[in-house]
Structure formats: C-alpha cells, structure tokens
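Here are the chains, one letter per residue:
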Amino acid sequence: MTRFIIVRLLQAFVALIGISILIFLLVRASGDPTLLFRTPLSTEEDIARIRADLGLDKPMPEQYWIFIKDLAHGDLGDSIVKRRPVTDMILERLPNTLSLALSSFLVSMLLAFFLGILAATRRDGWLDNGVKFLAILGQALPGFWVAIMAILVFSVYWQIFPASGTGGFTHFVLPVATMAFFLMPGMLRLVRSSMLDVLDSEYIKMARIKGLPERVVIWKHALRNALIAPLTTAGMIFAMLITGAVITENVFAWPGIGRLSIEALVSRDFPVVQGVTLMVAVAVLLINLLVDILYAYVDPQIRYQQM
Amino acid sequence: MSKVILRVEDLRSFFFTRKGVVKAVDGVSFYVCEGETFGLVGESACGKTVTALSILRLLPEPAGQIVGGKIFLDGTNLLELSKEEMRKYRGRMISMILQDPMTSLNPVYTVGDQIAESVRLHQGLQGEKVDEEVISALRLLKIPSPEMIMRNYPFQLSGGMRQRVVGAIAMSCHPRLLIADEPTTALDATIQAQYLTLFKDVQKQTNVAIIFITHDFGVVGNMCQRVGVMYAGKIVETATTREIFKTPKHPYTSALMDSVPRLDQKGDRLYSIKGQPPSLRDLPPGCRFFPRCPVAEDICRQKEPAEVEISEGHFVSCWKVK
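Basis of the calculations
- Residues numbered from 1 in each chain as written.
- Chains lettered and ligands numbered in written order.
- Predicted model: local features only at pLDDT ≥ 70, side-chain atom pairs only at ≥ 80, totals over all residues.
- Heavy atoms only, no water.
- Pairing = 2+ DSSP bridges.
- Helix = DSSP H or I, 4+ residues; strand = E, 2+ residues; numbered from the N terminus.
- Axes fitted to C-alpha atoms, helices over the stretch in contact; angles between N-to-C directions.
- Contact = heavy atoms within 4.5 Å.
- Expected span 1.5 Å × (residues − 1).
- Buried < 20%, exposed > 50% of the residue type's maximum accessible area, 1.4 Å probe, protein only.
- Domains from an automatic or database assignment.
- Buried area = accessible area lost by both parts, 1.4 Å probe.
- Salt bridge = Lys/Arg side-chain N within 4 Å of Asp/Glu carboxyl O.
- Phe/Tyr/Trp six-rings, centres within 6.5 Å; stacked < 30°, edge-to-face > 60°.
- Lys NZ or Arg CZ within 6 Å of the ring centre and 35° of its normal.
- Core = buried A, V, L, I, M, F, W, Y, C linked by side-chain atoms within 4.5 Å.
- Polar contact = N/O pair within 3.5 Å; in protein donor to acceptor, adjacent residues only side chain to side chain.
- Nonpolar A, V, L, I, M, F, W, Y, C, P; charged D, E, K, R; others polar.

This part covers the sheet that holds strand S10 (residues 234–240) of chain B. Residue and element names in this part refer to chain B. Ordered by their spatial adjacency, eight strands build an open sheet running S6-S7-S8-S3-S9-S10-S12-S11, and the pairing between neighbours is mixed. A strand with exactly one partner marks an edge of an open sheet, and here the two such strands are strand S6 (94–97) and strand S11 (308–311). The average angle at which neighbouring strand axes cross in this sheet is 25°, direction not considered. Summarising the sheet, strand S3 (residues 37–41) and strand S9 (residues 226–231) pair through four bridges and their orientation is parallel. Its bridge partner lying in S9, Leu 40 is registered against Gly 228. Lying on the sheet, helix H6 (residues 159–171) is in contact with S6 and strand S7 (177–181); it crosses S6 at an angle near 170°.

As structure tokens, then:
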C-alpha cells in the first residue's frame, strides 16, 4: 500500500510540473500584460520599463525558472489590480470556499447515498418514484434560478435566512441547500443504478442463500461493491467544489475562490488567474490521489494489481 | 430405503408480469432421501431453477410467488414458516450452489470472510473456533493449503477453485439438503469430472441430500440415484436413473435421450426435438408436450394426463403409457 501511494505521489508531481508549464505558457499566450498599464501618455520607454519591472524582458526559460522558484517559496506574484500578493488573496478566500465546499459535499453525498440505496432496495415503490422525481427536478432546474428563488422565498418573503455574505451557521443554510439540490441528483441516480446492478448479481443471491439478514446483505455485501463506481464522480464533484462554486458564490455574495476568479477574469488580473488555476490543479491532483487510495481500499483487486 | 428429508407436494410458483401470469412451476411433486442425489433434468426455462428457489423461498418478489403446494423439510412445512424462521433455515438446513463460480462470490471480501460469516451466523461461534470451522469446510472440499486460501480474494483463484469455495460455503454449516444448480456447466470438462467426484465424496462424508439440477444426461448417470424429468413447469417422469436410461416411458424423456450425441452411431445430423416448448404464459389445454409429441392422439390435445405409477417408484404423466 505504501509503495502504491509513493508511486501515485510521484505521478502527481510529474503531472504538476506539466501543468505549471502549461499555465505559464497559456497565460503568456493570452496577451501582453503590459497593455493593461498602457495609457495614451505612455511612451515606448515606459512600456519597456514596465516590461523590465515585470521581468518580461528575460528569455522564456529564465522566466519559467523564476516562476517556479517563487512558487517553491509560496509566492504567486502580485495582483496587478489590487497590488497585493496573490497568495494572500487566495489564502484569505480559501477558508470560505473550503467550509462551503465541505458542508455542501457532505450534505449532498450523504443524502445521495442514503436516498439512492433506499430507492434501489425499494425499486419502483413510492419512495423510489419520489426520489427519482426529486432527482430529475434537481437536474433540470438551473442552479442560479434555484438560488434566486431560495433567496426570494426564504430571505425576502419569510426572512428566515440571510440572503448573502458569511457569518454564522444561518449564512450556510441557503448556499448549502442550493448546492446540495444541484449536486445530489446526479450522484443519487448513479448510486441507485450502481446499487441496482449489484443487487441483481449472483453474489447477492448467494448472500441470501446463506441466510444472511437483509440488512447485512444490503449494507455489507452490496454497498461496498456499489461504492466503486460513484467514488470517481464524488471525487470530481469535490474537486469542482474546491475550485469554488462560481454561480452559488456569486448569487449569495460569498467571498470565496469562485468569486475571486470571476473578479480576476473580468479585470484581466493575470497573476490572480494564474494563481487560482494552479491552486485548482493542485487540488484536483490531490483529490484524484485520495480517490485512488480509497479505490484501493474498497476494491481489493485494484489493491493487488498495484502492488 | 433411508429417511425422506425433503418432500415437495404439488408446488406451484407463478410469475405475475404485466403481460400475464407465467406458470413457471405448475404442480411439481418429488422427494429426496438422506444421502441421495435426485436429478432434476430438462431444457432451459422448464422451471428447474424456479423449483430450487421456491424451496429456499427466494423467488424474486413481488413478481415471483409460490401460489400453492407444500414443501416439507424433515417434517416441517417451509411454506408455513415466518420470513425470519425461513431465513434461519437457509444456509443452515438448506444450501445451494449457483451455476457460475466467477460471479457467485463477493469480489471485495476474502474467501475466509465469506465462509466465516455463515459459521458465525448459524453456529454462533466466535474467535479461533470460527477459523477452525472455515478450514474444515475448505478441507471437506479438498482445497489445498486452506490456511492460505482463506486469506485470498476470489479473483486470486481459478474457476475450479472458486467453485470449490462456493461448495465450502454451502457445506460450512452442515446442511441437510444441498441444491446444486448446474454447478459444473461453467467449468471445463476435466475440472467438471473432478468436481463431480469431489461431490460424491462430500456426500459420503456428510450424508447430505442433494438435488442436482442439470440438462446433461451424462452428469445424471454419473451422479444421481433417481431423476425427475421436467417439461414446461411439470415433472413428466420420475424414476431411478437406471430405469430412465433403460426404459424411458414418456415420449419427451425418450426424445431427450435420443438427442444426446452418441459416438457409436453414425448419422448426418444430431437428433433434435421438433418445435419449441410452449410459452409458460399461454399453455395448451391438454398435455404440454402434445404439440411436439410424435405419438400424440386426440385425448392428448383435450385433457391433461394424470401421473400414474407404472412400476414401483416409476411415475409417468402420459396418456400413451399404461
């Protein structure tokens, strides 16, 4: 198992180098940042000076080396608009995004697994049909509309929960509920169909022949097998959440990474875009690593192939 | 004759589907004695497996229902037990081996875990005693180095070895009745012969009664003392294996025998029974075999033949047999 993790870590590291090169090149290919500083009064010398200040006059390999060296020290450069270190800006927003991401993830995944399994074991019953209806509703209604409706009903009309910003527990309710309503259905359907597949299998029949109580058949024999497929999707959903729920954060004025990246893109703040993208990439890599480890834990076949 | 352990009387199991009622098992009666192997033979979809699942009361509900009959196991009518009582019979009193060893073991638990689970549940053992029972179950099925194999996952074993493990699970709690549903169909020929020999040994050691479901008369001849031939949800002929081979009475049994390829007879084509078995949703009013029967008469079309005992222990349902 240790070897498996070490190999995966090395792979992640190689991927990270590739990603850093890609981000480095793409940002430079997307336009000349000095254009942002140009005023009608700027002379060629001014531009050249800005260029030198930003280090853009150096050859590309050297620029990349500087980028990597700074990165190793946790320095992502300064925001062009805010004139502040990008690292600080991200770190300042990260707790907000993480707390929102984690709570929405837990709420939606727990609900999805619980309801999905219940629906599968009561196939075509009223619960199954109700859950399927809910799932279709959640997938069909766009997130931003649900968010606005939630604000209208619960903040404006009934005034139970705050409409925007961060603060106490009540601030979480609407964003988390909106996100869960949006994230749960896909997962729920995946868990339900994965569970149905497993329940049809011969080893489940075998478990019943052994005289095992139904709860052991479902929660021990079926669940662990049914977990394998939805695990990847759960990892991807979590990675997506870490990068900031762009729409939800914007509707609820939630000061997180999603909102930061929108602000940076709109104001063409290249270092911030670069920093956020890199952070996202690292998060995705780490989560994939985690999913791989979980996989190996759940499915012995994977565990043995890797070692 | 030794003690009758299972007696099935007039069992009827139907499937209620949107397109109509499928009479998968429609009045099946037979018995199995201690230490005996009873063969249940017939084409695919003639109701063999449904009969087996009915005995375990594991039909896929709500579509599949046992609608009539009695199933006595050692004197107790299984159909009168509560669900919970029936569950406790499964694995302990009755066990079953499924056809495909590649899919009938849970891939994420070790072999030992899957046997230990039954042992703990039905024998109430704990700790080291469980391991001892697991190892003795593996030994019974002649699995080499059981201490090692029990730590393996199913995917680390070959098909033949897996089917032995399935057998070990089935036998782990010393059941009175074992149902083997085509346990060798998925194995290759050499492993098949080994497995069958192994089973005879297991039976000698444990005196378990076996219902052997198969479509292979070779296996029947090798394994079974008595045979029931099933056609379209009914047993049309029951007799000792010897009699079935020597003097098959029902035209369907004879036809089945004739369709077994033989090396000592030359011919251009293999014999096959003309036509298809009737749809179990829409059975003909008279004898079920009538549309395909070479010797059918008018009465066969109109009335269903009753079962008659033509010699001791030899039952046939056919108008032409007297």
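The end-to-end C-alpha distance of H6(B), which contains 13 residues, comes to 18 Å, matching closely the 18 Å that a straight helix rising 1.5 Å per residue would cover. Within H6(B), 13 of the 13 residues are buried, which leaves it mostly tucked inside the rest of the structure.

Quick look at the pairing of strand S4 (residues 64–73) of chain B now. For a regular strand, side chains alternate in direction, first toward one face of the sheet and then toward the other. Residues and elements named next belong to chain B. Inspection of the sheet shows strand S1 (residues 4–17) paired to S4 by eight bridges, in the antiparallel sense. Residue pairing across strands places Arg 12 opposite Gly 68, the latter belonging to S4. Relative to strand S5 (residues 76–77), S4 is paired through two bridges, and the arrangement is antiparallel. By the bridge assignment, Phe 72 is partnered in S5 with Asn 77.

A few words on the domain arrangement of chain A. All names here are of chain A. Domain parsing of chain A yields domain 1 (2–72) and domain 2 (86–306). The gap between the C-alpha centroids of domain 1 and domain 2 is 33 Å. Contact residues are listed per partner, giving 17 residues for domain 1 and 13 residues for domain 2. On the domain 1 side of the interface with domain 2, the three residues burying the most area are Phe 4, Arg 8 and Ile 23, jointly 34% of the side's total. At the junction of domain 1 with domain 2, the criterion picks out one salt bridge. Close ionic contact of Arg 8 with Asp 292 constitutes a salt bridge, the shortest N to O distance being 2.3 Å.

Next up on the list: the packing of aromatic side chains. Under the counting rule described, the total for this entry stands at 14 aromatic pairs over all chains. Aromatic side chains Phe24(A) and Phe67(A) sit 5.8 Å apart centroid to centroid with 35° between the ring planes, which places their arrangement in the tilted category. Placement of the pair is Phe24(A) in helix H1 (residues 2–29) and Phe67(A) in helix H3 (residues 60–72), with a sequence separation of 43 residues. Phe24(A) gets classed as buried once you look at its relative accessible area, which sits at 3%. Given a relative accessible area of 10%, Phe67(A) falls into the buried group. A cation sits over an aromatic face here: Arg224(A) above Tyr297(A), 5.7 Å from the ring centre. Stacked on the ring of Tyr89(B), the Lys or Arg Arg92(B) has its end atom at 5.9 Å from the ring centre.

Ranked by size, the top nonpolar core spans 100 residues in total, and within it Leu6(B), Phe30(B), Ile55(B), Ile94(B), Ile179(B) and Ile211(B) carry the most contacts. Among the elements that make up this core, the one with the highest residue count is H6(B) (seven residues). With sequence-adjacent residues up to four places away left out, Phe30(B) is seen in contact with Leu6(B), Arg7(B), Val8(B), Phe38(B), Thr51(B), Ile55(B), Ile211(B) and Ile235(B). Core analysis: the next-biggest nonpolar cluster, separate from the first, contains 63 residues, Leu100(A), Phe238(A), Phe270(A) and Tyr109(B) among them.

All names here are of chain B. Going through the model one piece at a time under the given rule, you end up with 26 salt bridges over all chains. Here Arg 12 and Asp 10 are joined by a salt bridge, their closest N and O atoms 3.1 Å apart. One salt-bridge network, in which partners are shared between bridges, spans Asp 10, Arg 12, Asp 26, Lys 234, Arg 288 and Glu 304.

Turning to the interface of chain B and chain A, a few remarks are in order. Contact residues are listed per partner, giving 26 residues for chain B and 22 residues for chain A. Scanning the region where chain B abuts chain A turns up two salt bridges. One salt bridge connects Lys220(A) with Glu117(B), and the closest N-O pair in it is separated by 2.9 Å. Our count for the contact surface shared by chain B and chain A stands at eleven residue pairs in polar contact (both at pLDDT 80 or more). Within the residue set of the side of chain B that touches chain A, elements represented by two or more residues are S6, helix H3 (111–123) and H6 of chain B. Per-element tally for the side of chain B that touches chain A: the top contributor is H3(B), with five residues. Looking at the side of chain B that touches chain A residue by residue, the class counts come to 14 nonpolar, nine polar and three charged.

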